[in-house]
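# Overview (structure and organization)
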Amino acid sequence: MADTQLAAVMAELDALADPKMREANEKRGDDHGVNLSKLREVAKRLKTQHDLALELWATDDTAARLLALLICRPKLYSADDLDAMLREARAPKVHDWLVNYVVKKSPHMEELRVRWFADSDPVVASAGWALTTDRVVKKPEGIDLTGLLDTVESEMKDAPDRLQWAMNHCLAEIGIQNADLRPRAIDIGERLEVLKDYPTPPNCTSPFAPIWIAEMVSRQG
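Residues numbered from 1 in each chain as written. Predicted model: local features only at pLDDT ≥ 70, side-chain atom pairs only at ≥ 80, totals over all residues. Heavy atoms only, no water.

### Structural notes on the nonpolar core
Among the nonpolar cores identified, the biggest contains 39 residues, and Leu-56 and Leu-67 are the most heavily contacted of them. Counting residues per element, the ones that place at least two in this core are α1 (2-16), α3 (36-46), α4 (50-58), α5 (62-71), α6 (79-88), α7 (92-102), α8 (109-117) and α9 (122-138). Not counting residues up to four positions away in its chain, the partners in contact with Leu-67 are Val-9, Leu-13, Leu-39, Val-42, Ala-43, Leu-46 and Leu-56. Of all hydrophobic cores here, the second largest spans 27 residues; its members include Leu-148, Leu-171, Ile-174 and Leu-192. (Core = buried A, V, L, I, M, F, W, Y, C linked by side-chain atoms within 4.5 Å. Buried < 20%, exposed > 50% of the residue type's maximum accessible area, 1.4 Å probe, protein only. Helix = DSSP H or I, 4+ residues; strand = E, 2+ residues; numbered from the N terminus. Contact = heavy atoms within 4.5 Å.)

Next comes the structure, spelled out in structure tokens:
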């Protein structure tokens, strides 16, 4: 019965795949062609099915893994399970959804934040930085914000893309959330010039930290 359901779901995902969307996604490193709104509709119909989620993840198919992350029970994964999943997550979208939809709902989030933060794999380390940024915004007690700025200042300029993006987000949020550290955060961003020339669509905020900080602080005011 389980094998039949898995086969049916995989066939449905295959039918939803659009070659043009796959081509566009592949430019960002995501090897799937399923519209994410349609994928969410499939997840809404299936509801939570953790055993099916485990089977979908095991296929190593990107669309199937994205669906798995929508129908799983985050609290049923151990810290080691989530660590292994992160290291297996090839596609950026799978990595992002795993961190945001599963790890952040897990009782092991803080343990994994610490475990991943200085990992030798920059993609894994980027997850540690993403979870640290979440702490900066929601629960900064116990986080060494000055130490984070020191690390960003010394390492962000030459960090690989995914890790650099995560560090830059942390830099921006430190500046947005902390008026006393804002001048230093802006200064670091201006000197390092990371993402300064990033193409930003109209009506969107630039990821360049000084602009990002200024825009978000003005909204708070």
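Having put the structure on the table, let's press on.
### Description of the pattern of salt bridges
Applying the stated rule across the entire model yields 19 salt bridges. Of the charged contacts, one joins Asp-134 and Lys-104 as a salt bridge, the two residues approaching to 3.6 Å between their closest N and O atoms. Of this pair, Asp-134 sits in helix α9 while Lys-104 sits in the loop between α7 and α8, and the two are 30 residues apart along the sequence. Given a relative accessible area of 13%, Asp-134 falls into the buried group. You can call Lys-104 partly exposed: its relative accessible area is 28%. Across the salt bridge formed by Asp-150 and Arg-184, the nearest N and O atoms sit 2.7 Å from each other. (Salt bridge = Lys/Arg side-chain N within 4 Å of Asp/Glu carboxyl O.)

### Regarding the packing of α3 against α5
In the contact formed by α3 and α5, the axes pass within 9 Å of each other and the chain directions differ by 45 degrees. Relative to α5, the element α3 lies oblique. Note on packing geometry: the crossing formed by α3 with α5 is right-handed. From α3, Leu-36, Leu-39, Arg-40, Val-42, Ala-43 and Leu-46 reach across to α5, where they touch Ala-63, Leu-66, Leu-67, Leu-70 and Ile-71. By residue class, the composition of the contact of α3 with α5 is 10 nonpolar, no polar and 1 charged. (Axes fitted to C-alpha atoms, helices over the stretch in contact; angles between N-to-C directions. Parallel < 35°, antiparallel > 145°, perpendicular 65-115°, else oblique. Left-handed = near helix turned anticlockwise from the far one by under 90°. Nonpolar A, V, L, I, M, F, W, Y, C, P; charged D, E, K, R; others polar.)

### Observations regarding the side chain of Arg-135
Within the element layout of this structure, Arg-135 appears in helix α9. Judged by its relative accessible area of 12%, Arg-135 is buried. Contact partners of Arg-135, with chain neighbours within four places excluded, come to Glu-110, Arg-113, Pro-140, Glu-141, Gly-142 and Ile-143.

### Description of α7
Looking at α7, one finds that the buried residues are Pro-92, Val-94, His-95, Trp-97, Leu-98, Val-99 and Val-102. Against the buried residues of α7 lie α3, α4, α5, α6, α9 and α11 (161-177).

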